[in-house]
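Here's the letter readout for the chains.
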Amino acid sequence: EWKKDVIVRDEIDKYLIDGKDFIDEEKIHAQIANAKNPDPEYIRGILQKSLSIKTLAPEETAALLNVESPELWDEINEAALQVKKKVYDNRIVFFAPLYCSNLCVNNCEYCGFREENCDEKRRILTQDEIRKETESVIDEGHKRLILVFGEHPRSDVDYMVDTINTVYSVYRDAPVSGREANIRRANINAAPMSSAKLKKLKEAGIGTYQVFQETYHHETYNKVHPTNTLKGDYRWRLYALHRAMDAGLDDVAIGALFGLYDWRFEVMGLLYHTIDLENRFGVGPHTISFPRITPASGSSLSNNLPHQVSDEDFKKLVAILRLSVPTAGLIVTAREQPELKREVINLGCTQTDASTRIGIGAYSDQKTEEDLDKKQFTIGDPRDLDDVIREVAELGYISSFCTAGYRCGRTGETIMGMLSHCVEGKFCKLNAVLTFREYLNDYASPETKAIGEELILKEIAEIEAEPYFAERPHLMEKFRAEYKDILLGKRDLYL
Ligand code: SF4
């Protein structure tokens, strides 16, 4: 009964044109094939368009996907970093994933949580356990969570709402300063649902709603997601974020699981998804994710992947996504090894997770080694948040825990407009400094604090020298007052 109730056909059909969705495979393959040996001057023109913060046309992204010259790749990588700095400055936003349940009715071939893999170890966290997990994550210094739910009647939308309420109710004393700390933004990664259910999530105060298409290639999608399961409906998933927009959730996040099909095709799929959202709602995705398949227990597919993406191609796809969708945040996760994460941060990634535990209940059970049987995939960077923050500070990036945007109404179309005019980055720089100040006082180890203090002084000097702020003395006055108040012990101040 529960399964029958889920897919609301009208909510898909209203978006189809002539019965077709927006992924035209023949067209995408032709665009990639017709863009072979692109003229370097054409590529340079594309880089200039991206530097003016415009979403690229599919033909332009297809041309970038066909570049082979190493010299031209140097120019592409340089432009990708410039676009990132223009829109997002030198910030890295941190978050932690919290896996709430590993019960799932689907049978995705690549996933350790699939139904066929079900045993007595599968479970769903109680609200008391959610509270304990949240306490542990807050104690690390996090302010943003992404709550991850399997698709199952026990983790339905009411369970999600209860979980969000629990997360927002937890307060802790920070270990170094004793100041009050909490989670300020809970994002959701959950199965597609109807607009009516999505409205409940909106009312519960979620930040971003994230649904990965996994693969945009229809045949591959149907192969790895058996069609007798809920996830087997490609279009229900493809339009999940359109329904979210209909429900008033305008911060949405897209992603593909790289390794299921040709990576160039998936990049084009992510771009077409962006363009369709922009055309229909005037706003594209808040973030784009591009995890690569890693081994999962009980998954035969993860050892047999004809489309596995090499590190070199991974770097290329990050740079091309940065240029193709200049306003979207790009997320590199702890699936990747630290060295590669460092490299892609310099190619345009803007967000990452740290202190990541992906087992159910793994933050609070204090295990250092996680049991693969309880996890969806394996992680490549198990380092603590403090270690990663120190590393990115050494690279010249400021860590941000800012959650001001959605609390000040800077979401959806508003934030995208500000990002495309490179204005949001200016607010974010102020908020990054304020939240980094909190982190340094509340959580940082002595080593991280030493490096962080130098960095924060440099950031403040840049802010003081920035003409945009010089023209807005009231904003600067407020910033200076809030910075001082944080030093005196106040918390959760933002602009
Ligand atoms: Fe379930 Fe998601 Fe795993 Fe598929 S990928 S089996 S939907 S948890």
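Conventions adopted
- Residues numbered from 1 in each chain as written.
- Predicted model: local features only at pLDDT ≥ 70, side-chain atom pairs only at ≥ 80, totals over all residues.
- Heavy atoms only, no water.
- Helix = DSSP H or I, 4+ residues; strand = E, 2+ residues; numbered from the N terminus.
- Rg over C-alpha atoms; globule rule 2.2 N^0.38 Å.
- Contact = heavy atoms within 4.5 Å.
- Buried < 20%, exposed > 50% of the residue type's maximum accessible area, 1.4 Å probe, protein only.
- Polar contact = N/O pair within 3.5 Å; in protein donor to acceptor, adjacent residues only side chain to side chain.
- Core = buried A, V, L, I, M, F, W, Y, C linked by side-chain atoms within 4.5 Å.
- Phe/Tyr/Trp six-rings, centres within 6.5 Å; stacked < 30°, edge-to-face > 60°.
- Near = heavy atom within 4 Å.
- Nonpolar A, V, L, I, M, F, W, Y, C, P; charged D, E, K, R; others polar.
- Salt bridge = Lys/Arg side-chain N within 4 Å of Asp/Glu carboxyl O.
- Expected span 1.5 Å × (residues − 1).
- Axes fitted to C-alpha atoms, helices over the stretch in contact; angles between N-to-C directions.
- Parallel < 35°, antiparallel > 145°, perpendicular 65-115°, else oblique.
- Left-handed = near helix turned anticlockwise from the far one by under 90°.
- pLDDT = per-residue confidence, 0-100.
- Pairing = 2+ DSSP bridges.

Novice: Would you mind going over the overall build of the protein with me for this structure?
Specialist: Regarding its fold elements, the protein presents 22 helices and 11 strands. Scaling as 2.2 N^0.38, a compact globule of 495 residues should have a C-alpha radius of gyration of about 23 Å, and the protein matches this with 22 Å. Principal-axis analysis of the C-alpha atoms places the extent of the protein at approximately 60 × 60 × 40 Å. In the protein, of all internal contacts separated by at least 6 residues, the share reaching a separation of at least 24 is 76%.

Novice: Would you explain the side chain of aspartate 386 in this entry?
Specialist: For aspartate 386, the position within the fold is in helix α16 (residues 385–394). The exposure class assigned to aspartate 386 is buried, which follows from its relative accessible area of 12%. Within the local environment of aspartate 386, its side chain forms a polar contact with the side chain of tyrosine 439, the two groups lying 3.0 Å apart. Among residues more than four places away in sequence, those in contact with aspartate 386 are Tyr439, Tyr443, Ala444, Ser445 and Thr448.

Novice: Would you take a moment to explain the nonpolar core for this structure?
Specialist: Nonpolar side chains in soluble globular proteins generally cluster together in the buried interior. Counting residues in each nonpolar core, the largest one holds 159 residues, and the members touching the most others are Leu147, Leu201, Tyr209, Phe290 and Leu317. Dropping the residues within four chain positions of it, phenylalanine 290 is found in contact with Ala256, Phe258, Phe314, Leu317, Val318, Leu321, Leu330, Ile331, Val332 and Cys349.

Novice: Would you take a moment to explain the packing of aromatic side chains for this structure?
Specialist: The relative placement of two aromatic rings is captured by the distance of their centres and the angle of their planes. Applying the stated criterion to the full structure yields 13 aromatic pairs. Here the aromatic rings of tyrosine 15 and tyrosine 239 are separated by 5.6 Å at their centres, their planes lie at 10°, and the arrangement is stacked. Separated by 224 residues along the polypeptide, tyrosine 15 in the loop between α2 (9–13) and α3 (25–34) and tyrosine 239 in the loop between α11 (234–238) and α12 (240–246) bring together distant segments of the chain. Both residues of the pair, tyrosine 15 and tyrosine 239, belong to the buried class. Ring centres of phenylalanine 94 and phenylalanine 401 lie 6.2 Å apart, and the angle between their planes is 25°; on these two criteria the pair is classed as stacked.

Novice: Would you mind going over the site of the ligand with me for this structure?
Specialist: Around the ligand, nine residues are found, and the nearest of them are Cys104, Asn106, Cys108, Cys111 and Lys231. Per-class residue counts for the shell around the ligand are five nonpolar, two polar and two charged.

Novice: Hey, could you run me through the pattern of salt bridges in this one?
Specialist: If the charged atoms of two oppositely charged side chains come close together, the side chains can form a pair. Summed over the entire model, instances satisfying the criterion amount to 39 salt bridges. For lysine 490, the salt bridge is made with aspartate 485, and the minimal N-O distance between the two is 3.9 Å. Lysine 490 sits in the partly exposed class, given a relative accessible area of 49%. Judged by relative accessible area, aspartate 485 falls into the partly exposed class, the value being 25%. Counted as one network, the salt bridges with shared partners bring together Asp89, Lys429, Lys458, Glu459 and Glu462.

Novice: I would appreciate a short explanation of helix α13 (residues 263–281) in the present structure.
Specialist: Note: α-helices contain 3.6 residues per turn, so residues at a spacing of three or four share the same orientation. Its 19 residues place the ends of α13 27 Å apart at the C-alpha level, agreeing with the 27 Å of an ideal helix rising 1.5 Å per residue. The buried fraction of α13 is high, at 14 of 19 residues. At the C-terminal side of α13, glycine 282 shows a positive phi close to 75°.

Novice: Mind showing me how you'd approach the packing of helix α6 (residues 70–88) against helix α14 (residues 311–324) here?
Specialist: When two helices pack together, their arrangement is given by the angle between their axes and by how far apart the axes lie. Interaxial distance between α6 and α14 falls to 9 Å at its minimum, and their mutual angle equals 50°. By the angle between their directions, the pair α6 and α14 is classed as oblique. Judged by the sense of rotation from one axis to the other, the crossing of α6 with α14 is left-handed. Touching Trp73, Ile76, Asn77, Ala79, Ala80, Val83, Lys84 and Tyr88 of α6 are Lys316, Ala319, Ile320, Arg322 and Leu323, all from α14. Tallied by class, the residues present in the contact of α6 with α14 amount to nine nonpolar, one polar and three charged.

Novice: In this structure, what is going on with the confidence of the model for the protein? I would like to understand it.
Specialist: One rule of thumb: low pLDDT means the predicted coordinates there are not for detailed reading. Residues of the protein with pLDDT of at least 70 account for 92%, and the chain-wide mean is 92. If you check the scores for this complex, the pTM reads 0.94 and the ipTM reads 0.97.

Novice: I keep staring at the pairing of strand β1 (residues 91–99) and nothing clicks. Help me out?
Specialist: When a strand is regular, its side chains alternate between the sheet's two faces. The buried fraction of β1 amounts to nine of the nine residues, a majority that puts the element mostly inside the structure. Of the two faces of β1, the one carrying Arg91, Val93, Phe95, Pro97 and Tyr99 and the one carrying Ile92, Phe94, Ala96 and Leu98 are both buried. The pairing of β1 with strand β11 (residues 398–400) spans three bridges and is parallel. Considered in β11, the bridge of arginine 91 is made with isoleucine 398. Direction of pairing for β1 relative to strand β10 (residues 351–353): parallel, over a ladder of three bridges. When the bridges of β10 are listed, valine 93 appears paired with glutamine 351. Sheet topology note: the β1/strand β2 (residues 144–148) ladder contains four bridges and is parallel.

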